[in-house]
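An overview of the molecular structure
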Amino acid sequence: MVKPNGSLAYPQIAGALLEKGIEVQIFDACIGNDKDDLQTVFYASTQLDSGLLRTGVSDERILEEIKDSHIIGLTSIFSAQESMVLHCSRLIKAHFPEKVVVAGGVNARARKNIFLSNGVDIVCLSEAEKTIIDIVDVVAINSRDFSTIRSVASLKDGIIVSNKTRLDDIIWDLDEQPYPAWHLMPNERYWQIGRPHGGVFGPQDNIRYASIMTSLGCIFSCTYCHIAGESDGSDAGNIGKFRIKSDERVLKEIDNLIKIGVNTIYVEDDTLFGHKHRAINLLRKFNTIDAAFMCVNGMNIAHMMRHNRPDEEVIEVLAQAGVRELDLPFESASSRILKKYATNKWSVEKFDIPALIGKCRKYGMSINGAFMIGFPDESREEIEMTLDFARQMREAGLNTVNISIAVPLPGTPMYDEAMENGNLRPDFNIDKMHWLRANMVNTLVSPDELEEIQRKAWESLNDQSYISKKRAMLAVEPVYPGKNHSAIANGQL
Ligand code: B12
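Keep in mind it's a predicted model, so treat the numbers as computed, not measured.

Note: strands within a sheet are paired through backbone hydrogen bonds, in either parallel or antiparallel orientation. Taken in spatial order, the three strands of this open sheet run E15-E16-E17, and their pairing is parallel. What marks the edges here is a single partner per strand, and that holds for strand E15 (325–331) and strand E17 (400–405). Direction aside, the axes of adjacent strands within the sheet are offset by 25° on average. Pairing geometry for strand E16 (residues 366–373) and E17, over six bridges, is parallel. Bridge pairing links Asn368 to Thr400 in E17. Relative to the sheet, helix H14 (residues 380–395) contacts E16 and E17, its axis offset from that of E16 by approximately 170°.

What follows is the structure, encoded as structure tokens:
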């Protein structure tokens, strides 16, 4: 299905530029601006050869929007969207060779060589609130030599120069980050469309949403997540480390959002309860705020438990803060898989999950269970273990179930291992790096079988009304070329 991107990178980078008095505009090419008719740019997708849908403004409109800018930034956090990002960079470079094209985001940095050979001049290798200013300073003196800037990769005389991120390049105290420039986002358009980062809403729901992160980084180190690779000595530096904003800073950010008319705030931390007491105290302060809060990201089962039983304090505080929907990332119900791939992050044997679900429901929250299948050495029995568990938890009150196929995304340890062990062909198709596609080969359960299992399980584990709602959000009835097409037809895309 088609949703606007609305990534936090845009207001973050824009905020950093505004703080230094540098003129900046945000253009979300998926939905355009006042010059574009939503019916034609957003609601009318076209299908690419890969089967993905292209949604957004024409090439001409992109060129028109950027024609007066010196520097054009492109964000690339989702690998499956890389082809279209590179389409933009090539397009811009072909028409305006003198303009500087900068890219950032987890996918761009993991694939820096490919970006640099497709019209991008500079790839930011880490968080870039400071880096973007360094780049502007170079452009301002009419130079195109970015080779001395830290934490970027660039081309110098046709050779890639890549400067790793060092400890002092990172903003450790998140209160020192510039305030995100949410007011520059095309919010009215996002709200008119009404398809935020989680949940199912329609334009009639008047959902005026925005995202915040109260902390960055994660205390876990799961092999399918890029954070596991963001440590000392990596290109990105140690940004995987858990860092927090002060309560005052978070409340000020929320105040800024309310001032621009936001009524629903998506808390998108990687691990909201990384410091449990801090999160509890912070959430208590949300009680009096006139907005709903959503946690579609960053919850962890272990943080919701205390001595293997539901931690009522955590659940109560979430409910009182107005959280109406929770995503619980079980991933697997096989202890072996959890240990090997997911930092052993919850205990299948010890945790009383039906009690946890019951408590969350008691507090009025709708619970989605997130599961993953298709790890390279995962057996059919282990997959069934997870699906059986999901079935039992549905009986215990879980509202919906989401099942992803494990994807070895570039930049993650799982990617490196898949390459090394022959689970990923060197010529893999980046457009298929998507959670409904089985990308790995030489797996115990074959890719075709995995997609079939995923589709059937999703259909049998969810209510018909939910499936219909999801299907109603499909832009076109997609037909995939080739054999592995089944998963796309199940209404989750
Ligand atoms: C919030 C979030 C979501 C939200 C919203 C995403 C959105 N559109 O904004 C929701 C819940 C919807 C979501 C969903 C999914 N997500 Co998500 N999500 C995140 C999360 C936790 C935070 C992203 C964020 O806003 N970060 C804060 C911003 C400020 O950081 P940033 O984007 O990195 O930007 C900084 C730098 O990278 C750089 N930068 C970035 N862009 C640019 C551009 C320029 C020009 C410059 C100069 C610098 C720059 O500077 C910025 C400021 O420092 C990330 C993990 C993470 N920590 O980044 C995963 C992540 C992006 N998600 C991921 C995945 C896999 C998914 C799902 C597929 C999960 C699933 N199975 O359902 C879905 C798919 C969604 C889709 N569209 O297809 C992966 C993507 C990996 C990949 N290579 O594809 C990530 C990286 C997590 C992971 N597991 O590895 N996600």
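Picking up after the structure, the text goes on.
It is worth spelling out the site of the ligand at this point. The environment of the ligand is made up of 36 residues, and the closest members are Leu8, Gly73, Thr75, Gly104 and Glu127. Put simply, the parts of the chain that give the shell around the ligand at least two residues each are helix H1 (9–19), strand E3 (71–75), strand E4 (100–104) and helix H5 (106–110). Mapped onto the domain boundaries, the shell around the ligand takes at least three residues apiece from domain 1 (9–169) and domain 2 (186–490).

Turning to helix H15 (residues 413–420), its buried residues are Met414, Tyr415 and Ala418. Angular distribution of buried residues about the axis of H15 spans 100°; they occupy a single face of the element. Phi for Gly422, located one or two positions after H15, is positive at around 75°.

Here we come to the nonpolar core. Where a protein is soluble and globular, its nonpolar side chains tend to be buried together. With 125 residues, the main nonpolar core has Val123, Ile265 and Cys295 as its most contacted residues. A per-element tally of this core places H1 first, with six residues. Counting residues domain by domain, this core receives three or more from each of domain 1 (9–169) and domain 2 (186–490). When neighbours within four sequence positions are excluded, Ile265 is seen to be in contact with Ala210, Ile212, Ile254, Leu257, Ala291 and Phe293.

So, about the sheet that holds strand E11 (residues 264–267). Spatial ordering of the open sheet is given by E8-E11-E12, a layout of three strands whose pairing is parallel. Two strands close off the open sheet at either side, each with one partner strand: strand E8 (209–212) and strand E12 (292–294). The mean angle between the axes of side-by-side strands here comes to 30°, regardless of whether they run parallel or antiparallel. Direction of pairing for E11 relative to E12: parallel, over a ladder of three bridges. Along E12, the bridge assignment pairs Tyr266 with Met294.

Here the focus is the domain arrangement of the chain. Here the domain parsing of the chain yields domain 1 (9–169) and domain 2 (186–490). Computed over C-alpha atoms only, the centres of domain 1 and domain 2 are separated by 27 Å. Counting residues at the interface gives 30 residues for domain 1, matched by 24 residues for domain 2. For the side of domain 1 that touches domain 2, the secondary structure elements donating two or more residues are helix H4 (82–95) and H5. Residue composition of the side of domain 1 that touches domain 2, by class: 10 nonpolar, 12 polar and eight charged.

Relative to the helices and strands, Thr264 is located in strand E11. Look at Thr264 and you get buried, because 21 C-beta atoms sit within 10 Å. For the pair Thr264 and Glu382, spaced 118 residues apart in sequence, the C-alpha to C-alpha distance is 38 Å. Once residues lying within four places of it in the same chain are set aside, the contact partners of Thr264 are Ile207, Arg208, Tyr209, Ala291, Ala292 and Met294.

With that settled, the discussion passes to the pairing of E3. Across the five residues that make up E3, a large majority, five, are buried. Burial of E3 is two-sided: the residues Ile71, Gly73 and Thr75 facing one way and the residues Ile72 and Leu74 facing the other way are all buried. For the crossover from E3 across H4 to E4, the handedness is right-handed.

Okay, helix H13 (residues 353–362) next. Taken together, the buried positions of H13 are occupied by Ile353, Leu356, Ile357, Lys359 and Cys360. Summarising the axial view, the buried residues of H13 lie within an arc of 160°, below the 170-degree limit, and thus occupy one face. Gly364 lies just past H13 and shows a positive phi near 85°.

All right, on to the packing of helix H9 (residues 247–259) against helix H10 (residues 276–286) then. At a minimum axis separation of 10 Å, H9 and H10 run at an interaxial angle of 35°. Crossing angle aside, the handedness with which H9 passes H10 is right-handed. Facing H9, whose interface residues are Asp247, Val250 and Leu251, H10 presents Asn281, Leu282 and Lys285. The residue inventory of the contact of H9 with H10, partitioned by class, reads three nonpolar, one polar and two charged.

The rules we used
- Sequence order as written defines residue numbering, which begins from 1 separately in each chain.
- Totals for whole chains, interfaces and linings use all residues, but because this is a predicted model, local features are given only for residues with pLDDT of at least 70 and pairs of side-chain atoms are given and counted only at 80 or more.
- In this analysis, strands are considered paired if DSSP registers two or more bridges between them.
- Secondary structure elements follow DSSP: runs of H or I of four or more residues count as helices, runs of E of two or more count as strands, with numbering from the N terminus.
- To obtain an axis, a line is fitted to C-alpha atoms, over the contacting stretch when the element is a helix, and the angle between two such axes runs from 0 to 180 degrees between their N-to-C directions.
- Throughout, a pair of residues is in contact if the C-beta atoms placed from their backbones lie within 7 Å.
- Being near a molecule or strand means, for a residue, that its C-beta atom, positioned from the backbone, comes within 6 Å of it.
- As used throughout, domain bounds are those supplied by an automatic or database domain assignment.
- Any residue surrounded by 20 or more other C-beta atoms within 10 Å of its C-beta is treated as buried, while 12 or fewer makes it exposed and the intermediate range makes it partly exposed; C-beta atoms here are placed from the backbone.
- Throughout, the arc means the angular range of directions from the helix axis out to the C-beta atoms.
- By definition, a nonpolar core groups buried Ala, Val, Leu, Ile, Met, Phe, Trp, Tyr and Cys residues that connect through C-beta atoms lying within 7 Å of each other.
- When residues are sorted by character, Ala, Val, Leu, Ile, Met, Phe, Trp, Tyr, Cys and Pro go into the nonpolar class, Asp, Glu, Lys and Arg into the charged class, and all the rest, Gly among them, into the polar class.
- Throughout, right-handed denotes a crossover for which the path from the first strand over the helix to the second runs clockwise when the strands point away from the viewer.
- By convention, the crossing between two helices is left-handed when the near helix turns anticlockwise from the far helix through less than a right angle, and right-handed when the turn is clockwise.

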